[in-house]
Amino acid sequence: QVQLVESGGGLVQPGGSLRLSCVAPGTIISIFSMSWYRQGPGKERELVATITRGGNVNYTDSINGRFTISRDNAKNTVYLQMNSLKPEDTAVYYCNAYRWDPLIRNVRDYWGKGTLVTVSS
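Residues numbered from 1 in each chain as written. Predicted model: local features only at pLDDT ≥ 70, side-chain atom pairs only at ≥ 80, totals over all residues. Heavy atoms only, no water.

*Asks:* I'm lost on the packing of aromatic side chains in this one. Help?
*Replies:* Where two aromatic rings form a pair, the distance of their centres and the angle of their planes describe that pair. Scanning all chains against the criterion turns up 2 aromatic pairs. Ring geometry for Phe32 and Tyr110: centres 6.0 Å apart, planes at 80 degrees, overall edge-to-face. Taken together, the residues Phe32 in the loop between strand 3 (18-23) and strand 4 (33-39) and Tyr110 in strand 10 (residues 106-111) connect sequence positions 78 residues apart. Each member of the pair, Phe32 as well as Tyr110, carries the same accessibility label: buried. Here Arg45 stacks its cationic end above the ring of Trp111, 4.7 Å away from the centre of that ring. The ring of Phe32 carries Arg99 above its face, with NZ or CZ at 5.7 Å from the centroid. (Phe/Tyr/Trp six-rings, centres within 6.5 Å; stacked < 30°, edge-to-face > 60°. Helix = DSSP H or I, 4+ residues; strand = E, 2+ residues; numbered from the N terminus. Buried < 20%, exposed > 50% of the residue type's maximum accessible area, 1.4 Å probe, protein only. Lys NZ or Arg CZ within 6 Å of the ring centre and 35° of its normal.)

Written out as C-alpha cells, the structure is:
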C-alpha cells in the first residue's frame, strides 16, 4: 500500500506563492506518474499537473504558467510550486500516484488526503 502525505497548504493573499509537498514514505515513487489534483468549493475534482516517470510535465490550461510541478525521487517527494495565486485557486489539493501494473493488468492508483489552499485578502 502506498501512503501519500501532502503538506504546505494554508492561507495566502492574491498574488502570493505557496509550495506544496507530497511525500510517499517507504515508496519508490520513480515508478509512478505523479499528479496534483484540486477540488474547489462546489466543484468537481480536476487535474492540475502531472509529471511522468520520465520527467515530462503537463498542466491544465487554467494554470497558464503559474504553477510548476517537480519531483525528487531520492526523497520520494513531489512538489507543486504555485505563484501568482488567485482566489479561484482556492481548493483542497490532492496528490496522486499512478502506474500501470502488468502483473495485474490494471492500474495502481493512490491518493493522499489533501491539503487546503485558501487564497483570500
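On we go.
*Asks:* How should the sheet that holds strand 8 (residues 77-82) be read in this particular structure?
*Replies:* Across a sheet, paired strands are connected by hydrogen bonds in the backbone, their directions being either parallel or antiparallel. In space, the 4 strands of this open sheet follow the order 1-3-8-7, with antiparallel pairing throughout. Each edge of the open sheet carries a strand with a single partner, namely strand 1 (5-7) and strand 7 (67-72). In this sheet, adjacent strand axes meet at a mean angle of 15 degrees when their direction is disregarded. Taken together, the 6 bridges between strand 7 and strand 8 define a ladder with antiparallel strand orientation. Across the sheet, the residue bridging to Thr68 is Gln81, located in strand 8. (Pairing = 2+ DSSP bridges. Axes fitted to C-alpha atoms, helices over the stretch in contact; angles between N-to-C directions.)

*Asks:* Even after reading the chapter, I still don't get the pattern of salt bridges, so can you show me in this structure?
*Replies:* On inspection of all chains with the given rule, the structure shows 5 salt bridges. Residues Asp101 and Arg99 are paired through a salt bridge, measuring 3.5 Å at the closest nitrogen-oxygen approach. Using a relative accessible area of 23% as the deciding quantity, one classes Arg99 as partly exposed. Ionic pairing is found between Arg108 and Asp101, a salt bridge with its closest N-O pair at 2.9 Å. Owing to a relative accessible area of 30%, Arg108 belongs among the partly exposed residues under this scheme. Connected through shared salt-bridge partners, Arg38, Glu46, Arg66 and Asp89 make up one network. (Salt bridge = Lys/Arg side-chain N within 4 Å of Asp/Glu carboxyl O.)

*Asks:* Sorry, what's going on with the nonpolar core here?
*Replies:* For soluble globular proteins, nonpolar side chains are generally found buried alongside one another. Residues Leu4, Met34, Trp36, Leu80, Met82 and Tyr93 are the most contacted members of the largest nonpolar core, which totals 28 residues. Sort the elements by how many residues they give to this core and strand 9 (residues 91-101) lands first, with 4 residues. Not counting the four nearest positions on each side in its chain, Leu80 is found in contact with Leu18, Arg19, Leu20, Trp36, Val48, Ala49, Phe67, Thr68, Ile69 and Tyr93. (Core = buried A, V, L, I, M, F, W, Y, C linked by side-chain atoms within 4.5 Å. Contact = heavy atoms within 4.5 Å.)

*Asks:* Even after reading the chapter, I still don't get a nonpolar patch on the surface, so can you show me in this structure?
*Replies:* A grouping of Tyr98, Trp100 and Val107 is seen on the molecular surface, where their side chains present a nonpolar patch of about 300 Å² in accessible area. Locating Trp100 in the fold gives a position in strand 9. (Patch = residues over 30% accessible without salt bridge, like charges linked within 9 Å, V, L, I, M, F, W, Y side chains within 5 Å. Areas by Shrake-Rupley, 256 points an atom, 1.4 Å probe, with all protein chains shown as cover.)

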